[in-house]
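Descriptive analysis of the structure
Each chain, letter by letter, is given below.
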There are 2 protein chains.
Amino acid sequence: MNQIITIGREFGSGGRELGRRLAETLGFAYYDQEIVGEISRRTALSQQYVRAVVEHQSAFSFPIHIGRSFYMPVNPAFEQTMAVYREEARILTEMADQSDCVIVGRCADYVLRDRRPLRLFVYANMESKLRRCREKGPAAESLTDKELRQKILGIDKKRAKYYEFYTGRPWADKLNFDLCINTTETVIKEMVPAVAKFLQAR
Amino acid sequence: MNQIITIGREFGSGGRELGRRLAETLGFAYYDQEIVGEISRRTALSQQYVRAVVEHQSAFSFPIHIGRSFYMPVNPAFEQTMAVYREEARILTEMADQSDCVIVGRCADYVLRDRRPLRLFVYANMESKLRRCREKGPAAESLTDKELRQKILGIDKKRAKYYEFYTGRPWADKLNFDLCINTTETVIKEMVPAVAKFLQAR
């Protein structure tokens, strides 16, 4: 069976960088946003819509009705959201069949749970996350620290909702992970050999 | 500066075993219950009293009074409890001065925080903790699963109170650790090389 590493992460904690570097070091395939493109090519849904759903913009505006009558109400938007998730889960499974891989986000730890992935969760304190966001590029430049902090918390709140909606588990609960890695005041690159070594401890 | 690894752990998660094996592998000194003996030899308090305090039996039966009057009430038992903690903290510092070491429990992550220890937290799901307790020895034999589960939860509750009392921080909060390690369905021995490698990532 192929080796799989899944990465859950707080926004700004360097989880994607850790994933990319792990994949490079181990010679594993790496997936994150590529999944979105893959989904959009395989369904009739527009790239923009898929991105909105995957980025958790719309999945939670649809209440799930518990119908009393024989006819369950059908909510087309909800159905479409679920279709995206199912398609995504199918694609994750296909990827895991193809080769060893590192998958960042996308509830991969849950979707692929039967294959016993090495499940990592990456986190850091707020100061460290603010710094990483500012170092990453111009997107954060126009924001004050307070605004950036709110953005970080907001994105993680959406991630939590998304994760909890599809998995029925609390987000960031350490029991759902094999290893939780604090990247506060660390150099991600230097952690890679140690994290990779955990694959051998299984 | 000497290298220090501190280990917080849930009862039954194998944290002590991990600590001992890490110390052996790395050639570090190892401390846990030894600290109690050391304290008792250095103070006038009886071994039994020290053990009771360190095992969190008594530290929390003493309410801290906020006096309105100029005279703060003095609670001799509380003073004695604090004296044990202060002595313990002094000894931990002395140990960290002497050599590289692994210290299990005793709020060492907090006491030695200025020395930047590698702070580990070891945890597992309840089934795994029950199994480890049963494998460890006869102490659990006479207990039903329900009783053993209650014992495990009770011990961790005391640890949490003890930790929170002396550090002012929530117990088992992943932000207080560099690495949280889930030992569910793992062989502790096989994790040691990977955990040891994290020392190099700093």
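Refer to the structure printed above.
The structure reproduced in this document is the subject of the present report. What you are looking at is a predicted structure, and each value in this text was computed from that prediction instead of being measured.

The next point concerns the relation of the copies chain A and chain B. Here chain A sits on chain B after a turn of 180 degrees about the axis and a move of 0.0 Å along it, with an RMSD of 0.0 Å. Taken together, the rotation and translation describe the operation of a two-fold axis. An overlap of 100% is found between the interface residues of chain A and their copies at the interface of chain B, pointing to a shared contact surface.

For the rest of this paragraph, the subject is helix α6 (residues 126–136) of chain A. Those residues of α6 of chain A that sit buried are Met126, Ser128, Lys129, Leu130, Arg132 and Cys133 of chain A. Those residues of α6 of chain A hidden inside the fold are in contact with α7 (145–167) and α8 (188–197) of chain A.

This part covers the interface of chain A and chain B. Counting residues at the interface gives 24 residues for chain A and 24 residues for chain B. Across the interface of chain A and chain B, roughly 2,000 Å² is buried in total on both sides, 62% from carbon and sulfur atoms. Taken as a group, Lys174, Phe198 and Ala201 of chain A account for 26% of the area that chain A buries against chain B, more than any other trio of residues on that side. Our count for the contact surface shared by chain A and chain B stands at zero salt bridges.

We now examine the environment of Lys174 of chain A. The topology assignment puts Lys174 of chain A in the loop between α7 and β5 (179–182). For the pair Lys174 of chain A and Phe121 of chain A, spaced 53 residues apart in sequence, the C-alpha to C-alpha distance is 7.8 Å. When sequence neighbours within four positions are dropped, the list of residues in contact with Lys174 of chain A reads Cys180 of chain A together with Phe121, Tyr123, Ala172, Cys180 and Asn182 of chain B. A distance of 3.0 Å separates a polar atom in the side chain of Lys174 of chain A from the backbone oxygen of Ala172 of chain B.

This next bit is on the pattern of salt bridges. Residues and elements named next belong to chain A. Taken as a whole and judged by the stated rule, the model has 18 salt bridges over all chains. Notably, a salt bridge pairs Asp156 with Arg159, separated by 3.8 Å at the nearest N-O pair. Here the residue Asp156 and the residue Arg159 both occupy positions in helix α7, the gap between them amounting to three residues, near one helical turn. Look at Asp156 and you get buried, because its relative accessible area is 9%. Residue class for Arg159 comes out buried when judged on its relative accessible area of 13%. Connected via shared salt-bridge partners are Arg119, Asp178 and Arg202.

Our next topic: the packing of aromatic side chains. As enumerated under the stated definition, the model contains 13 aromatic pairs over all chains in all. On the numbers, 6.5 Å between centres and 20 degrees between planes, the contact of Phe121 of chain A with Tyr123 of chain A is stacked. Given the relative accessible area of 0%, Phe121 of chain A is considered buried. When the ring of Phe165 of chain A is compared with that of Tyr166 of chain A, the centres are 4.8 Å apart and the planes differ by 85 degrees; the resulting orientation is edge-to-face. In textbook terms, an aromatic cluster arises when at least three aromatic residues are bridged by ring pairs, as seen for Tyr85, Tyr162, Phe165 and Tyr166 of chain A. When the ring centre of Phe11 of chain A is taken as reference, the NZ or CZ atom of Lys136 of chain A above it lies at 5.3 Å. Over the aromatic face of Tyr110 of chain B sits the side chain of Arg113 of chain B, whose NZ or CZ is 4.0 Å from the ring centroid.

In spatial order, the strands read β2(A)-β3(A)-β1(A)-β4(A)-β5(A)-β5(B)-β4(B)-β1(B)-β3(B)-β2(B); together these 10 strands make up an open sheet with mixed pairing. Strands at the two margins of the open sheet, each flanked by one partner only, are β2 (29–31) of chain A together with β2 (29–31) of chain B. Across this sheet, the average inter-strand angle for adjacent strands is 20 degrees, counted without regard to direction. Strand direction decides the pairing type here: β2 of chain B and strand β3 (residues 101–104) of chain B, joined by three bridges, are parallel. The partner of Tyr30 of chain B across the bridge, within β3 of chain B, is Val102 of chain B.

So, about the packing of helix α6 (residues 126–136) of chain B against helix α7 (residues 145–167) of chain B. All names here are of chain B. The N-to-C vectors of α6 and α7 enclose an angle of 100 degrees; their axes lie 10 Å apart at closest approach. The angle between α6 and α7 falls in the class roughly perpendicular. Taken together, the residues of α7 that come into contact with α6 (itself represented by Met126, Lys129, Leu130, Cys133 and Arg134) are Asp145, Leu148, Arg149, Ile152, Leu153 and Asp156.

Reading the values: the criteria
Residues numbered from 1 in each chain as written. Chains lettered and ligands numbered in written order. Predicted model: local features only at pLDDT ≥ 70, side-chain atom pairs only at ≥ 80, totals over all residues. Heavy atoms only, no water. Least-squares fit on C-alpha atoms with pLDDT ≥ 70 in both. Contact = heavy atoms within 4.5 Å. Buried < 20%, exposed > 50% of the residue type's maximum accessible area, 1.4 Å probe, protein only. Helix = DSSP H or I, 4+ residues; strand = E, 2+ residues; numbered from the N terminus. Buried area = accessible area lost by both parts, 1.4 Å probe. Salt bridge = Lys/Arg side-chain N within 4 Å of Asp/Glu carboxyl O. Polar contact = N/O pair within 3.5 Å; in protein donor to acceptor, adjacent residues only side chain to side chain. Phe/Tyr/Trp six-rings, centres within 6.5 Å; stacked < 30°, edge-to-face > 60°. Lys NZ or Arg CZ within 6 Å of the ring centre and 35° of its normal. Pairing = 2+ DSSP bridges. Axes fitted to C-alpha atoms, helices over the stretch in contact; angles between N-to-C directions. Parallel < 35°, antiparallel > 145°, perpendicular 65-115°, else oblique.

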